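Chain by chain, the residues run as shown.
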Amino acid sequence: MNSKFFPLFLTSILIQANSERQPRIWAGKEAQRGQFPYQVLLIVDPIYCGAAVLNENYVITAAHCVKGKPIKNIFLYFDVLQFSDANSNSTLRKVIDVKIHEDFTLAEFSNDIALLKLDVPLTFNKFIQPVVLPDPKIDVANKLLTLSGWGIYDKSLEGSNFLRYASARAMDKKKCKRSLQKYNISSKRILCQTSIDFDDGPSCSGDSGGPVVLNGTSVLVGIVSFGIDCGFGENTSYSMRVSDFMDWIKKNMKD
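As a starting point, this report considers the structure included with it. Throughout, residues of each chain are indexed from 1 in the direction in which the sequence is written. For this predicted model, a pLDDT threshold of at least 70 governs which residues receive local features, and a threshold of 80 or more governs which side-chain atom pairs are given and counted, while totals over whole chains, interfaces and linings are taken from all residues. The side-chain numbers reported here are obtained from all heavy atoms of the structure, hydrogens and water having been left aside.

## Looking at the pattern of salt bridges
Between side chains of opposite charge, a pair can form as their charged atoms come close.
Step number 1: Salt bridge, as used here, is a side-chain nitrogen of Lys or Arg placed within 4 Å of a carboxyl oxygen of Asp or Glu. As enumerated under the stated definition, the model contains three salt bridges in all.
Step number 2: In this structure, the salt-bridge partner of E30 is R164, at a minimum N-O distance of 3.7 Å. Separated by 134 residues along the polypeptide, E30 in strand β3 (residues 29-30) and R164 in strand β11 (residues 164-170) bring together distant segments of the chain.
Step number 3: Using a relative accessible area of 11% as the deciding quantity, one classes R164 as buried.
Step number 4: Between D244 and R241 there is a salt bridge whose closest N-O contact spans 3.9 Å.
Step number 5: Categorising residues by exposure relies on relative accessible area from a 1.4 Å probe, with only protein chains included: less than 20% of the type maximum marks a residue as buried, more than 50% marks it as exposed, and the intermediate range marks it as partly exposed. Note on D244: relative accessible area 28%, which makes it partly exposed. For helices the rule is a DSSP run of H or I covering at least 4 residues; for strands it is a run of E covering at least 2, with both sets numbered from the N terminus onward.

Encoded structure:
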């Protein structure tokens, strides 16, 4: 099988792609302001990713979004609904420290997780709120999930100007392992999610680093990482399983 897996970050300019191998398109639904108060827009020009608020000092994202990027070039926008309004109608923070998982490898997207420390603590309100971290023993198999972000959503191959969201269902660990083995990926810390409605929410949705939560809650169970041949028969996307990183997250949020 001639398959390729790829990170789900997007460029802030027109995305270049072969018309026969374009990534999966995410339709989804437009979000309302405050619907996902933990959602963060992360820009490292010319790419952008998603992230999620952990507390007033830290956000969490995918390691490949910030690996090798100068801290001075990383900008975080909070309370963003429209991408085009990020500079004028949002809360901006810069980054003073980047903590990338020490065992991160891009080849298999292993441990694709990072914490970013903000230059100024956030002030929470109804539009900016932290996620709820999961119990390390949580089992999300077959549970409904919600993904959100500004990812590609139609055949224009451009990212959405509006924050969008879609639903997916978590695979159990055995099925997820089999799905990953097809592509010689062996990491046990990956959460596989599949579309529940192909027309409304293809599963390769949202930007890398964006949040995956239990449906109807703010419980963070995944960080969007990569997709495989999205739009060509695959309806599965892959995230870092947050419950498997709880010790690392708590250790690295200590100042």
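Here the narrative resumes.
## Section: the packing of aromatic side chains
Step number 1: Side-chain rings of Phe, Tyr and Trp (the six-membered ring for Trp) are treated as a pair once their centres are within 6.5 Å; stacked means planes under 30 degrees apart, edge-to-face means over 60, and tilted covers the remaining angles. Considering all chains together, one arrives at five aromatic pairs under this definition.
Step number 2: On the basis of an interplanar angle of 70° and a centroid distance of 6.1 Å, the ring pair of F36 and Y38 is categorised as edge-to-face. Each member of the pair F36 and Y38 is classed as buried.
Step number 3: Between F226 and Y238, the ring centres sit 4.8 Å apart and the planes meet at 10°, which makes this aromatic pair stacked. Within this pair, whereas F226 is found in strand β14 (residues 220-228), its partner Y238 is found in strand β15 (residues 236-241), the two being separated by 12 residues in sequence. The two residues F226 and Y238 agree in class, both being buried.
Step number 4: Among the aromatic residues, ring-to-ring pairing joins F36, Y38 and Y165 into one connected group.
Step number 5: R33 extends its terminal NZ or CZ atom over the ring of F127, reaching a point 3.6 Å from the ring centre. Two thresholds decide whether a charge sits over a ring: the Lys NZ or Arg CZ must be within 6 Å of the ring centre and within 35 degrees of the ring normal.

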